[in-house]
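Inside the fold
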Amino acid sequence: MSGGVEIPVRVVAIEQATPTVKRFSLAARDGAPLPLYSAGAHVVVAMDAADRRIKNPYSLIDRSPDGSTYRIGVLRTQQSRGGSAFMHEQVAVGSELTITMPVNLFPLNRTGRKHLLIAGGIGVTPIYAMAEELARQSVAYEIHYAMRDSAHGAFADELVARHGDRVRLYRDDCQEVIAVDRILPNQPLGTHLYVCGPEGMINAILAGGRAAGWPEENLHAERFLAPPGGSPFALRLAKAGITTEVRADQSLLEAIEAAGVDAAFLCRGGACGQCETRVVSADGELVHNDHFLSDDEKASGAKIMTCVSRLKGRELVLDL
Amino acid sequence: MLVSNIKSRPVYGGLKVDDAARRHLVAAEGEGALAVLAAFAGRAEATARATVLYAPGGSAGEDHAAKLAALGLDDLFVMPSQATLITRLNVILATATMGTRLYAAGVEGFIGSVVAAGMAHGVDQASIRTEHRGSLARRVQCVHCKGMTENVTVSPVVCSHCGIQLLVRDHFSRRLGAFQGVSVNAETPGEIPPAEELYA
Amino acid sequence: MTIQFKNETFRDDFTFSNSPEAIRRFPFPFDKDQYMYAVNIEQHMPGPAKSATEFPIDIDEHYVSEMRDRALVLKADPLRCQSLPHMITAEWDLVELLMESMAKHYPEHFTLTRDGDRWHWINRPLEIDQTFTFGDAATLPCPPMEYVTRQCQGDFCLLDQRNDNLWMDAGIVTTQADWSLDFDMGMNFMEWHGPVPLAHDMGVFDRALKFLLNLQQGRPVRRLNWTMTVNPRLDTSPENYHKWGIDRTTVTPENVGNKVHLRVELQALWRLPRSNAIVFSIRCYLIKMEELVTIPKWGRRLHRVLRDLPPELVDYKGLTRFRDTTVDYLARHDDGAPTSPGFFPD
């Protein structure tokens, strides 16, 4: 419950959008309309695998007009700890999952005069929702969407159908790249840029924004940070008096939850700060993967974000 | 520099040139010119991309226009008043691009006006670089009649619009570029505490 | 349950009073015999039946008269209701939140019928029957936030979330404890709390902001705040302080029981779905000293709280001129007996 209100859902449709992406339509098991949300929001999907519970965040693509279903898009990743593989292999129409209420850590800046939406690959999911909202509000916007090839443009046709010449598509196999040095310099004051995609692409786009003289306040990114796996290590929860193990394919937070401790979380992507936990001691090296703690805080070793960070070593003792 | 523990008062972080900016749009009044000189002197690559709007009058008697002209700015507009400066600023902002960084230097009320103009054109206030120079006098908004009284150096002060004796609260509105003035003797009618010189 | 709405005034002749039922449901804000500023945020869960927190939006016997007073305030000073253009989506979110809650919990008084975007709203106490298109401001007689809050007790502020801060970018404020919406519009969380003494140094606002930035949809929170007001005046705005400030000098040992009121704000915060904004509601409850002491525990406790209040807070809350008279009055209702923990009457 520490991630908020939970909604039991059932998968009502699955679409193989590209060779590596599936889109899932989720409906509330009690048939009630799903909550409204703001563009850029995600839900955390809880999956009950045979031996453990996996929780991954996925951006909401859209909500059907009658509110009966949400759509999420899931890329099958190579270094998956099991979440995306579970969604691709184990989940079928009729499967039951649990989702959290929508949380938005990648919102549109509503004071903006114009919005540039930039997506790479599966990063298109929040961008898709943002474009819908901007179209509804009749605000100026552009969409730039980069994909591996036409077969991997999961959302290209839909985007073009809905947003027409506001969409620019870029295909890696045709050596087409998003030319930030042409797109960004002449944007009017009050423009905001939103980018979601692979880490390298995000860094390139943001660097392009800075090179064009944009202030940081107008540059927004969502990094799809799935909790990376690592070596297993021992975990002791000092207050609860529990000793357990964090498996190689498990996140620290998942291990805490598996031990029966109700720890706080929101994004499960290292961004929001909700799962910040005090480190009592660490026999080994803390591997900080989050975007929340400052470099000084990371270096001090006093805190850890349990959703994406872990230990490389023998034993971690947390103030939980 | 203003040092205060007034939580609502903006932090004026100083007029540091943002080297990443493609264009520097600088608004200065009175002694604010000295901040511009300090920031841009000897920075040819910056001055070549700088537009400075300057209103000499303001808080300082001295006219720094000649020194600004010697900087080798791309553009220098010497304006006869703060009001005309803001009018010119709005024209430039209307066609400016995202690579433009806005700067303001001078007295607090002037900085407030420049920031308000920037925000009206979609500039995020956090990206505007500001430096306080010159008089510590406050612009005060009478909370009762909403009238602005300029160059306030004492508290209480008489509202220049409705005549109420105002206590100047340590509460600052960036949107209004002003401190809040509230009746000082509502609970003691007729009694007027002696004015204290506070912000000269 | 049908509420019997009272016909009373919050100005001029001040005929406001609480019925015995209203006294028992008063949200008394002290769970101990002393007070210090604290975040004291809790989940906005349904409280006990008939309490002020039984429902998310509380409507009580003062509803009709409070709405009449709000209309008078807005007529005299339209700046009490303001909204920056980017807050229009949040305004509609608020319409939905308030109408849904009022219709669900007070079906005798309010009815909402939705057919897609075609909404039909009936407010029986105020004799309003309105059909409108949700999302189309031109189908309402005034902007959506103003429309719905002219029909709901409490002040409301809409807070935009951006740059890791909350910004007061819209609101309707007519029952405030001495702060000005017009002055605070556009401020961020730290700025509008600027004048509060002590709490900044305690880190209270840093913690509260961090908490609120992660406030979740479907999980509203609340806290209680308090001050004291002479005469049951809802509009204790700084705008009109030059008119009502003099009231503070009129308290005497003879009239203190009737004139001095404990003023409690039930503050609640919701994450709004469409806009990702937060609505901050500030619902004001007033109780006279002579009404309050009919609950013996409250009389004892308020006496001890007021007597031991730190001087900065006495000053900030504007109690200086009448605190001693009030403490003397309450002392007569404090036999020194221990008080039970918690807010509620014994």
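So, a few notes on the structure that sits alongside this text. The structure displayed is predicted, hence computed values, not measured ones.

Within chain C one finds 13 helices and ten strands. What you see for chain C is a C-alpha radius of gyration of 20 Å, in line with the 20 Å of a compact globule of 346 residues. With respect to the principal axes defined by its C-alpha atoms, chain C has extents near 60 × 45 × 40 Å. Counting only residues that meet the buried cut, chain C has 64% of its 346 residues in that class. The contacts in chain C between residues at least 6 apart in sequence include a share of 71% that link residues at least 24 apart. Accessible surface computed for chain C: about 13400 Å², of which carbon and sulfur atoms make up 53%. For chain C, the separation between the mean place of its 39 positive charges and that of its 50 negative charges on side chains is 3 Å.

Listed as interface residues are 24 residues of chain A and, on the opposing side, 16 residues of chain C. Around 1700 Å² of area is buried between chain A and chain C when both sides are counted, 47% of it from carbon and sulfur atoms. Counting the surface chain A buries against chain C, the share from its top three residues, Leu36, Arg110 and Thr111 of chain A, is 32%. One can count one salt bridge joining chain A with chain C. Counting across the chain A and chain C interface gives seven residue pairs in polar contact (both at pLDDT 80 or more). Class assignment for the residues of the side of chain A that touches chain C results in twelve nonpolar, eight polar and four charged.

Here the focus is the interface of chain B and chain C. With 25 residues of chain B in contact, the opposing surface of chain C contributes 29 residues. Counting across the chain B and chain C interface gives six salt bridges. As a salt-bridge pair, Lys146 of chain B and Glu239 of chain C come within 2.7 Å of each other at their nearest N and O atoms. The interface formed by chain B and chain C contains 15 residue pairs in polar contact (both at pLDDT 80 or more). For the side of chain B that touches chain C, the secondary-structure elements that each account for two or more residues are strand E10 (165-173) and strand E11 (178-183) of chain B. For the side of chain B that touches chain C, the element with the most residues is E11 of chain B, which contributes five residues.

Turning our eyes to something else, we now look at the side chain of Thr191 of chain A. Along the chain, Thr191 of chain A falls in strand E10 (residues 191-197). In terms of polar contacts, Thr191 of chain A uses its side chain to reach the backbone carbonyl oxygen of Pro188 of chain A, at 2.5 Å. Discounting residues that sit within four places of it in the chain, Thr191 of chain A has contacts with Lys114, His115, Leu116, Trp214 and Asn218 of chain A together with Met98 of chain B.

Rules used throughout
Residues numbered from 1 in each chain as written. Chains lettered and ligands numbered in written order. Predicted model: local features only at pLDDT ≥ 70, side-chain atom pairs only at ≥ 80, totals over all residues. Heavy atoms only, no water. Helix = DSSP H or I, 4+ residues; strand = E, 2+ residues; numbered from the N terminus. Rg over C-alpha atoms; globule rule 2.2 N^0.38 Å. Buried < 20%, exposed > 50% of the residue type's maximum accessible area, 1.4 Å probe, protein only. Contact = heavy atoms within 4.5 Å. Areas by Shrake-Rupley, 256 points an atom, 1.4 Å probe, with all protein chains shown as cover. Lys, Arg positive; Asp, Glu negative; His and termini not counted. Charge placed at Lys NZ, Arg CZ, Asp CG, Glu CD. Buried area = accessible area lost by both parts, 1.4 Å probe. Salt bridge = Lys/Arg side-chain N within 4 Å of Asp/Glu carboxyl O. Polar contact = N/O pair within 3.5 Å; in protein donor to acceptor, adjacent residues only side chain to side chain. Nonpolar A, V, L, I, M, F, W, Y, C, P; charged D, E, K, R; others polar.

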